[in-house]
Amino acid sequence: MSCSINLKELTYSNSSKEVFKNVTLDVSHEEKVAIIGANGSGKSSLLKIIVGLMKQSSGEISLFHEKMNSLKDFKIYRSDIGYLPQDVNDHFLCPTVIEDVMFALRAKGEKKDEAYLKACSMLEELGISHLENRNIYDLSGGEQKIVALAGILITKPRILLLDEPTNALDEDAEKRIIDILNSIKKSMIIVSHHKTFIEKLAPTVYKLTKEGLNRI
Ligand SMILES: Nc1ncnc2c1ncn2[C@@H]1O[C@H](COP(=O)(O)OP(=O)(O)OP(=O)(O)O)[C@@H](O)[C@H]1O
């Protein structure tokens, strides 16, 4: 089966310690994989490394069978990867919800009317139409998380890397996110501490420790 993401013996050390080593993982086309692990085990760092925001200490990353040797290589695939950070505070580029969700489509050259209609339908699908004209920085943490997800899903990336997507969400919002993510046929890596969420979404679960990534 074709692989979207291949990680080979990744090691990552920050300024004070080795965070993890021997991380090897293949994520197939349309496969959904969850990563769990203790606080500080390096889950967020691993996602940032896969998306090219941080650099591994050693080891190899391939996206769509292309080896990522430099930032330039990651740039080629930037629009193919939808990355939802754990903390979405710095993620937004526009003041209002609708403008922000439309932003990536407008940047790709889509006409304003078409981008608006697509953004409205995305907000509706995620159950947040009522937030359309709200200032993003007046929203709650959970509301901001869903808006950030809307801005990612609307661009239809080939891979989704989601860091704690249901953190701070209420039960209804979490259920909507599970239904939507289940309906999306894409490769995904989902980092979460939320057991029931993972069980409903990802058949393959790995645990990250400083010794490596092990399937559980
Ligand atoms: N900006 C930073 N500067 C220095 N060290 C950092 C920074 N961010 C994270 N770390 C450290 O790197 C290690 C891995 O952090 P990371 O956030 O990747 O872990 P995590 O598994 O995602 O944790 P959590 O489950 O708490 O979100 C931790 O020891 C953390 O203290």
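Residues numbered from 1 in each chain as written. Predicted model: local features only at pLDDT ≥ 70, side-chain atom pairs only at ≥ 80, totals over all residues.

A.B. asks: Please explain the pairing of strand β8 (residues 187-191) as it appears in this structure.
C.D. replies: On any regular strand, side chains alternate: one points to one face of the sheet, the next to the other face. Among the 5 residues in β8, 5 count as buried, and that is most of the element. Judged by which residues are buried, β8 turns out to be covered on both faces: S187, I189 and V191 on one side and M188 and I190 on the other are all buried. Strand direction decides the pairing type here: strand β3 (residues 32-36) and β8, joined by 4 bridges, are parallel. Directly across from K32, in β8, lies its bridge partner M188. Note: strand β7 (residues 159-163) against β8, 5 bridges, orientation parallel. Within β8, the position partnered with D163 by the bridge is V191. Running through helix α6 (residues 171-183), the crossover from β7 to the neighbouring parallel element β8 is right-handed. (Buried ≥ 20, exposed ≤ 12 C-beta atoms within 10 Å, placed from the backbone. Helix = DSSP H or I, 4+ residues; strand = E, 2+ residues; numbered from the N terminus. Pairing = 2+ DSSP bridges. Right-handed = clockwise from strand over helix to strand, strands pointing away.)

A.B. asks: How should the sheet that holds strand β10 (residues 212-215) be read in this particular structure?
C.D. replies: Pairing is mixed in the open sheet, where 6 strands are placed in the order β6-β7-β8-β3-β9-β10. Sheet topology places β6 (81-84) and β10 at the edges, where each strand pairs with a single neighbour. Taken pair by pair, the neighbouring strands of this sheet meet at an average axis angle of 20°, ignoring direction. Sheet topology note: the strand β9 (residues 204-209)/β10 ladder contains 4 bridges and is antiparallel. Bridging from a neighbouring strand, T209 pairs with G212 of β10. (Axes fitted to C-alpha atoms, helices over the stretch in contact; angles between N-to-C directions.)

A.B. asks: I keep staring at the environment of F20 and nothing clicks. Help me out?
C.D. replies: Residue placement: F20 occurs in strand β2 (residues 18-28). Those residues within four positions of F20 in sequence are excluded, and the remaining contacts are T11, Y12, S41, G42, L208, K210 and G212. (Contact = placed C-beta atoms within 7 Å.)

A.B. asks: Is there a simple way to think about the pairing of strand β4 (residues 58-63) in this case?
C.D. replies: Judged from the 5 bridges that link them, strand β1 (residues 3-13) and β4 form a sheet pairing that is antiparallel. Residue pairing in the sheet places T11 in a bridge with S58 of β4. Pairing between β4 and strand β5 (residues 66-67): 2 bridges, direction antiparallel. Within β5, the residue paired with S62 across the bridge is K67. Between β4 and β5, which pair antiparallel in sequence order, lie 2 residues; one of them, F64, sits at a positive phi of approximately 50°.

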